[in-house]
Amino acid sequence: IKGKFAFAFVEGVLVKAIREGHWLLLDEVNLAPAETLERLSGLLDGDSGSVALTEKGDIDVVQRHPNFRLFACMNPATDV
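Being a predicted model, the structure only gives us computed values, none of them experimental.

Colleague: So what about the nonpolar core? Which residues, and what values?
Modeller: Counting residues in hydrophobic clusters, the biggest one holds ten residues: Val15, Ala17, Ile18, Leu24, Leu40, Leu43, Val51, Leu53, Val62 and Phe68. Listing elements by their share of this core, those giving two or more residues are helix H1 (13–20) and strand S2 (50–53). Setting aside anything within four residues of it in sequence, one finds Val62 in contact with Val15, Ile18, Arg19, Gly49, Ser50, Val51 and Leu53.

Colleague: Break down the confidence of the model for the chain for me, with residues and values.
Modeller: Looking at the chain, pLDDT values average 87 and 96% of them are 70 or higher. The secondary structure element of the chain with the lowest average pLDDT is S2, at 90, and the one with the highest is strand S1 (residues 23–26), at 96.

Colleague: Run through the pattern of salt bridges, naming residues and quoting values.
Modeller: Tallied over the full model, the rule gives two salt bridges. Here Glu11 and Arg19 are joined by a salt bridge, their closest N and O atoms 2.8 Å apart. Accessibility expressed as a relative area gives 34% for Glu11, which makes it partly exposed. Ionic pairing is found between Arg19 and Asp60, a salt bridge with its closest N-O pair at 3.2 Å. A residue pair is termed long-range when its members are at least 10 positions apart, and Arg19 in helix H1 and Asp60 in strand S3 (residues 60–63) qualify at 41 residues. The class of Arg19 is partly exposed, set by a relative accessible area of 36%. Bridged by salt links that share partners, the residues Glu11, Arg19 and Asp60 form one connected network.

Conventions and cut-offs
- Residues numbered from 1 in each chain as written.
- Predicted model: local features only at pLDDT ≥ 70, side-chain atom pairs only at ≥ 80, totals over all residues.
- Heavy atoms only, no water.
- Core = buried A, V, L, I, M, F, W, Y, C linked by side-chain atoms within 4.5 Å.
- Buried < 20%, exposed > 50% of the residue type's maximum accessible area, 1.4 Å probe, protein only.
- Helix = DSSP H or I, 4+ residues; strand = E, 2+ residues; numbered from the N terminus.
- Contact = heavy atoms within 4.5 Å.
- pLDDT = per-residue confidence, 0-100.
- Salt bridge = Lys/Arg side-chain N within 4 Å of Asp/Glu carboxyl O.

Here it is as structure tokens:
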């Protein structure tokens, strides 16, 4: 595409882990913005956790794979 700007959404590590049932470690999660943590909260909902992707302009609900595990670590507030 000559002279035109093209944009493509590429799913990252988080979405791949959710879909394929990998384990994911979020280090220093206490430094994440509240909006980010709110988006992740749906993954922790009971047996049918999910996250909604809206970046492509539509809504793509990604259901949590049964083997997906999310680990979150944080440093004490005094380390900031």
